[in-house]
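Here is what each chain is made of, one letter per residue.
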Amino acid sequence: MSTLAEIEKAVELLPIAEKEMLLAHLTAQFGRAAATSPLPTRQSGLHAGAWKDDADFDAVLPDEFWIGREA
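Since we're looking at a predicted model, the values are computed, not measured. (Residues numbered from 1 in each chain as written. Predicted model: local features only at pLDDT ≥ 70, side-chain atom pairs only at ≥ 80, totals over all residues. Heavy atoms only, no water.)

Looking at the overall build of the chain
Line of reasoning, step 1. Across its full length, the chain carries three helices and zero strands.
Line of reasoning, step 2. Across the chain, helices and strands are ordered from the amino to the carboxyl terminus as α-α-α.
Line of reasoning, step 3. Here the chain holds 71 residues, and the buried ones make up 0% of them.
Line of reasoning, step 4. Summed over its atoms, the accessible surface of the chain is roughly 7,300 Å², and 60% of this surface lies on carbon and sulfur atoms. (Helix = DSSP H or I, 4+ residues; strand = E, 2+ residues; numbered from the N terminus. Buried < 20%, exposed > 50% of the residue type's maximum accessible area, 1.4 Å probe, protein only. Areas by Shrake-Rupley, 256 points an atom, 1.4 Å probe, with all protein chains shown as cover.)

Some words on the confidence of the model for the chain
Line of reasoning, step 1. Mean pLDDT over the chain works out to 83, with 87% of the residues at or above the 70 mark.
Line of reasoning, step 2. Mean pLDDT across the elements of the chain bottoms out in helix H2 (residues 16-36) (80) and peaks in helix H1 (residues 3-12) (91). (pLDDT = per-residue confidence, 0-100.)

Quick notes on a nonpolar patch on the surface
Line of reasoning, step 1. A contiguous nonpolar surface patch, about 470 Å² in accessible area, is contributed by Leu 61, Phe 65, Trp 66 and Ile 67.
Line of reasoning, step 2. Along the chain, Trp 66 falls in helix H3 (residues 63-67). (Patch = residues over 30% accessible without salt bridge, like charges linked within 9 Å, V, L, I, M, F, W, Y side chains within 5 Å. Salt bridge = Lys/Arg side-chain N within 4 Å of Asp/Glu carboxyl O.)

Here it is, written out as structure tokens:
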């Protein structure tokens, strides 16, 4: 059994009041960290033209590619 599964099982056995206390603690602990360090906003087009697809990008791949044998 994984550690996460063990934690979930242990939490299921807690009384409602203790589940609420755990939720409040986790929200305070991780909610505060998330609020203080928001993720930066992504910007599109920063690397426009950095690479180009080959003309045969959509071409069917040979059987050797799927089978794993040398061509």
